[in-house]
Amino acid sequence: MSDSSPARPAVPVLDVWCELQCPDCRTALDDLRALRARYGDRLELRLRHFPLEKHKHAFAAAQAAEEALEQGRGWEYVEAVLGRVEELDRKGEPFLVEVARELGLDAEEVDTALIDGRHILVVDADQAEGRAIGVTGTPTYVIGGERLDGGRSQEGLRERVEEIADRLLAGPTG
């Protein structure tokens, strides 16, 4: 199979509606790592924010993750925060800056972003879009127009995402 076609097909996008204070999202990290390992750059994993009101630091965590994304280390930051959900519960916003510092990010810039609210619109827009398409909890995945709710159960979700991704990557049959 030669790659002489002028335009490469679009890479399928997996939107991951996530909340950084959510234990279910932490559990989903293994699936996300496995998907990244399997597909690499053939599947775009896109972080979408859906902070839940029951978690008082989730909105700030989403903003900090956006700043980490701007600094080129978004997923690494998300994994670090999710891996220590209990600390975020206990320490709040200072913990978000602490994680940035540990990862070698510009922690002062993360702190400033939390103060000046430069990423609030992105988080609000994600949340509004999530509500509009029926996201009610996290994690929720959307791929190929299909919504998969991981907040209820993550059983079999990775396999379902892989089925859809494989179908999208195979392209139209005919």
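Relevant structure appears above.
What you see is a predicted model, and the numbers here were worked out from it, not measured in a lab.

The rules behind these values
Residues numbered from 1 in each chain as written. Predicted model: local features only at pLDDT ≥ 70, side-chain atom pairs only at ≥ 80, totals over all residues. Heavy atoms only, no water. Axes fitted to C-alpha atoms, helices over the stretch in contact; angles between N-to-C directions. Helix = DSSP H or I, 4+ residues; strand = E, 2+ residues; numbered from the N terminus. Left-handed = near helix turned anticlockwise from the far one by under 90°. Contact = heavy atoms within 4.5 Å. Nonpolar A, V, L, I, M, F, W, Y, C, P; charged D, E, K, R; others polar. Salt bridge = Lys/Arg side-chain N within 4 Å of Asp/Glu carboxyl O. Buried < 20%, exposed > 50% of the residue type's maximum accessible area, 1.4 Å probe, protein only. Pairing = 2+ DSSP bridges.

Colleague: Sorry if this is basic, but what is going on with the packing of helix α1 (residues 23-39) against helix α3 (residues 74-82) here?
Modeller: Any two packed helices are characterised by how steeply their axes cross, that is the angle between the axes, and by the distance between the axes. Their axes nearest at 9 Å, the elements α1 and α3 cross at an angle of 145 degrees. Helix-helix and strand crossings are classified by hand; for α1 and α3 the assignment is left-handed. Taken together, the residues of α3 that come into contact with α1 (itself represented by Cys25, Arg26, Leu29, Leu32, Arg33 and Arg36) are Trp75, Glu79 and Leu82. Its residues placed into classes, the contact of α1 with α3 shows 5 nonpolar, no polar and 4 charged.

Colleague: Sorry if this is basic, but what is going on with the pattern of salt bridges here?
Modeller: In the structure shown here, the tally under the stated rule is 24 salt bridges. In this structure, Asp31 and Arg158 form a salt bridge, with 3.3 Å as the shortest nitrogen-oxygen distance. Placement of Asp31 in helix α1 and of Arg158 in helix α8 (residues 157-170) is noted, with a sequence separation of 127 residues between them. In this structure Asp31 comes out as buried when scored by relative accessible area, which is 15%. A relative accessible area of 27% means that Arg158 is categorised as partly exposed. Two residues, Glu76 and Arg73, come together in a salt bridge whose shortest N-O distance is 2.6 Å.

Colleague: Please clarify how the sheet that holds strand β4 (residues 146-149) should be interpreted in this entry.
Modeller: One open sheet holds the 4 strands; their spatial order is β2-β1-β3-β4, and the pairing between them is mixed. Taken across any chain shown, the strands that pair with only one partner, and hence form the sheet edges, are β2 (44-49) and β4. Here the strands of the sheet are splayed against their neighbours by 20 degrees on average, with no regard to which way each runs. Direction of pairing for strand β1 (residues 13-18) relative to β2: parallel, over a ladder of 6 bridges. Each bridged residue has a counterpart across the sheet, and for Cys18 the counterpart in β2 is His49. Lying over the sheet, α1 contacts β1, β2 and β3 (140-143), oriented at roughly 165 degrees with respect to β1. Seen against the sheet, helix α7 (residues 120-132) touches β1 and β2 and runs at an angle of roughly 95 degrees to β2.

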